[in-house]
Amino acid sequence: MFSPKALEAQSTLRNEKITHLLHFLRRKQGEVIDIQDVELFVAGTNSITSTVIWAMSELVRNPEVLSKIEEEMKKEIKTQDIKHFQLTKLTYLQACMKEVFRLHPVVPFLIPHMATENCEVMNYLIPKNAKILVNVWAMGRDSKIWDEPLSFKPERFLDSKMDFKGQDFELLPFGSGRRMCPGLPSALNSVQLLLASLIQEFDWTLANGDDPSKLDMNGNFGIALKREIPLKLVFKQKQAYECA
Ligand code: HEM
């Protein structure tokens with residue numbers, strides 16, 4: 001795992017990349033942007049880009065959720081340059097991220113694992129050397145676990161201690177145990193910082209005035225779960241930012 005110092009250093013680096021992205025979007029206001037292009041700026045990992053794109057897709061489809069994040073940000077963040085520590089105050093944004101990871105885990109079957117010895121899990125015999133794929137995508141949509149599993153409802157996490165740090169087996173977008181993702185703290189920081197920066201400065205709508213409720217949310221299954229159809233958006237700076 002990353003030390004707080006390493007995380008802070010990375011966050012400065014990310015801030016520079018995010019600043020470049022914001023400049024790019026300011027110049028391209030009113031044009032149609034394939035949001036996959038954020039990869040050029042935030043570079044590093046597909047998983048971060050894909051997560052941000054799924055989050056933006058959900059926020060386009062759920063404007064009332066986006067408004068609640070905006071309200072929270074207005075209350076908690078007074079500066080334009082969002083800092084790492086300010087993210088910890090955004091509890092509603094954090095609940096949104098849990099909801100994004102529940103519905104759109106970007107590594108849908110985790111990385112294949114292998115049993116090093118015969119073992120029994122919940123009455124199933126797992127023979128030595130069996131290859132195990134954990135279908136976290138299906139777990140996140142299981143109606144036995146989640147109320148209205150296909151609805152995007154961050155509120156479900158507000159009064160719950162459930163988290164994705166590997167302790168709650170219903171929600172494992174980063175895996176669990178010895179081989180879970182070591183990039184979790186850094187990835188979460190990047191995803192939230194990027195999303196919060198975009199929300200703070202821009203309004204965005206679907207290209208061609210498309211109806212958000214009809215946005216195709218199918219994923220392209222592979223090792224990584226990406227949108228099947230690219231998300232094309234038009235950005236416009238919010239009024240408070242027009243002079244930036
Ligand atoms: C939203 C972003 C990310 C998600 C959802 C994610 C998710 C995952 C998942 C599910 C695994 C497999 C865990 C398992 O099979 O039990 C994994 C492994 C791994 N991730 Fe990430 N990851 C993300 C970002 C990152 C970043 C930014 C880094 C590097 C800085 C990173 C480095 C790694 C490494 C090295 C492994 C292999 C660990 C091992 O096999 O011991 N990940 N990640």
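Please read all numbers here as calculations on a predicted model, not as lab measurements. (Residues numbered from 1 in each chain as written. Predicted model: local features only at pLDDT ≥ 70, side-chain atom pairs only at ≥ 80, totals over all residues.)

**Details of the site of the ligand**
We count it as follows: Note on definitions: a residue is near a molecule or strand provided its C-beta atom, placed from the backbone, lies within 6 Å of it. Under the scheme used here, helices are H or I runs from DSSP no shorter than 4 residues and strands are E runs no shorter than 2 residues, and both carry numbers assigned from the N terminus. Under the scheme applied here, ten amino acids are nonpolar (Ala, Val, Leu, Ile, Met, Phe, Trp, Tyr, Cys and Pro), four are charged (Asp, Glu, Lys and Arg), and all others, including Gly, are polar.
Looking at the ligand, there are 19 residues lining it, with Leu110, Gly175, Cys181, Gly183 and Ala187 nearest. Going through the elements one at a time, α3 (46-61) and α8 (184-201) are the ones with two or more residues in the shell around the ligand. Grouping the amino acids of the shell around the ligand by side-chain chemistry returns twelve nonpolar, six polar and one charged.

**Structural notes on the sheet that holds strand β9 (residues 232-237)**
What counts, and what does not: We treat two strands as partners when DSSP finds at least two bridges between them. Working convention: axes come from line fits to C-alpha atoms, limited for helices to the stretch in contact. Angles between N-to-C directions cover 0 to 180 degrees.
Strand order in the open sheet formed by three strands is β1-β9-β6, with antiparallel pairing between adjacent strands. Each edge of the open sheet carries a strand with a single partner, namely β1 (32-34) and β6 (202-206). Neighbouring strand axes in the sheet, compared pairwise and without regard to direction, differ in orientation by 45° on average.

**A closer look at the pairing of β9**
The pairing of β1 with β9 spans three bridges and is antiparallel. The partner of Ile33 across the bridge, within β9, is Leu233. Sheet topology note: the β6/β9 ladder contains five bridges and is antiparallel. Looking across to β9, one finds that Trp204 is bridged to Phe235.

**Points about the packing of helix α4 (residues 63-76) against α8**
Note the cut-off: Here the angle decides the label: under 35 degrees means roughly parallel, over 145 means roughly antiparallel, 65 to 115 means roughly perpendicular, and every other value means oblique. Two residues qualify as being in contact provided that their C-beta atoms, derived from the backbone, are within 7 Å of each other.
Axis separation between α4 and α8 bottoms out at 10 Å; the angle between their running directions is 90°. With respect to α8, the axis of α4 lies roughly perpendicular. When α4 is examined against α8, the residues Ile69, Glu70 and Met73 are found in contact with a partner set consisting of Ala196, Ile199 and Gln200. Looking at side-chain class alone, the contact of α4 with α8 contains four nonpolar, one polar and one charged residues.

**Focus: the UniProt feature "binding site: heme" (unreviewed entry) in the protein**
For the record, the criterion: UniProt positions are given in the numbering used here, feature names are shortened, and annotations may be inferred rather than shown by experiment.
Sequence positions flagged by UniProt for "binding site: heme" (unreviewed entry) are, in local numbering, Cys181. For Cys181, the contacting residues outside a window of four places in its chain are Phe174 and Gly175.

**What about the packing of α3 against α8?**
As a reminder, the rule being used: In this scheme the handedness of a crossing depends on how the near helix is turned from the far one: anticlockwise by less than a right angle means left-handed, clockwise means right-handed.
It is the contact of α3 with α8, at a shortest axis distance of 10 Å, that shows an interaxial angle of 40°. The orientation of α3 with respect to α8, classified from their angle, is oblique. Taken as a pair, α3 and α8 cross one another with a handedness that is right-handed. Residues Ser47, Ile48, Thr51, Val52 and Ala55 of α3 touch α8, and the partners they reach there are Ala187, Ser190, Val191, Leu194 and Leu195. By residue class, the composition of the contact of α3 with α8 is seven nonpolar, three polar and no charged.

**Topic: the nonpolar core**
Test applied: Each nonpolar core consists of buried Ala, Val, Leu, Ile, Met, Phe, Trp, Tyr and Cys residues. Their C-beta atoms, within 7 Å, join them into a set. Residue burial here comes from a neighbour count, namely the number of other C-beta atoms, placed from the backbone, that lie within 10 Å of the residue's own C-beta, with 20 or more meaning buried, 12 or fewer meaning exposed, and in between meaning partly exposed.
One finds Val52, Ala55, Cys96, Leu195 and Ala196 to be the most contacted residues of the largest nonpolar core, which totals 48 residues. Those elements that place two or more of their residues in this core are α1 (4-27), α3, α4, α6 (91-103), α7 (136-139), α8 and β9. Among the elements that make up this core, the one with the highest residue count is α8 (eight residues). Beyond its immediate chain neighbours, meaning those up to four positions away, Cys96 contacts Ala55, Val65, Ile69 and Pro154.

**Notes on α6**
Threshold: To estimate the expected span of a helix, subtract one from its residue number and multiply by 1.5 Å.
A rise of 1.5 Å per residue sets the reference length of α6, with its 13 residues, at 18 Å; its end C-alpha atoms lie 19 Å apart and thus fit the reference within 8%. Of all 13 residues in α6, ten are buried, a share of seventy percent or more. Along α6, the residues classified as buried are Leu93, Ala95, Cys96, Met97, Lys98, Glu99, Val100, Phe101, Arg102 and Leu103. Each element contacted by the buried residues of α6 is listed here: α3, α4 and α8.

**Here's the deal with unusual backbone geometry**
Although it is not a glycine, Glu148 adopts a positive phi angle of roughly 40°. Its 9 C-beta neighbours within 10 Å are what place Glu148 among the exposed residues. Located in the positive-phi region is Asn208, a residue other than glycine, with phi close to 60°. If you trace the backbone, Asn208 turns up in the loop between β6 and β7 (219-220).

**Details of the confidence of the model for the protein**
Any segment with low pLDDT has predicted coordinates that should not be analysed in fine detail. Our working rule: The predictor's confidence in any single residue is recorded as pLDDT, a number from 0 to 100.
For the protein, mean pLDDT is 89; residues scoring 70 or higher make up 90% of the total. Within the protein, α6 carries the highest mean pLDDT (98), whereas helix α2 (residues 38-42) carries the lowest (65). Overall fold confidence (pTM) sits at 0.90, and the ipTM for the predicted complex is 0.98.

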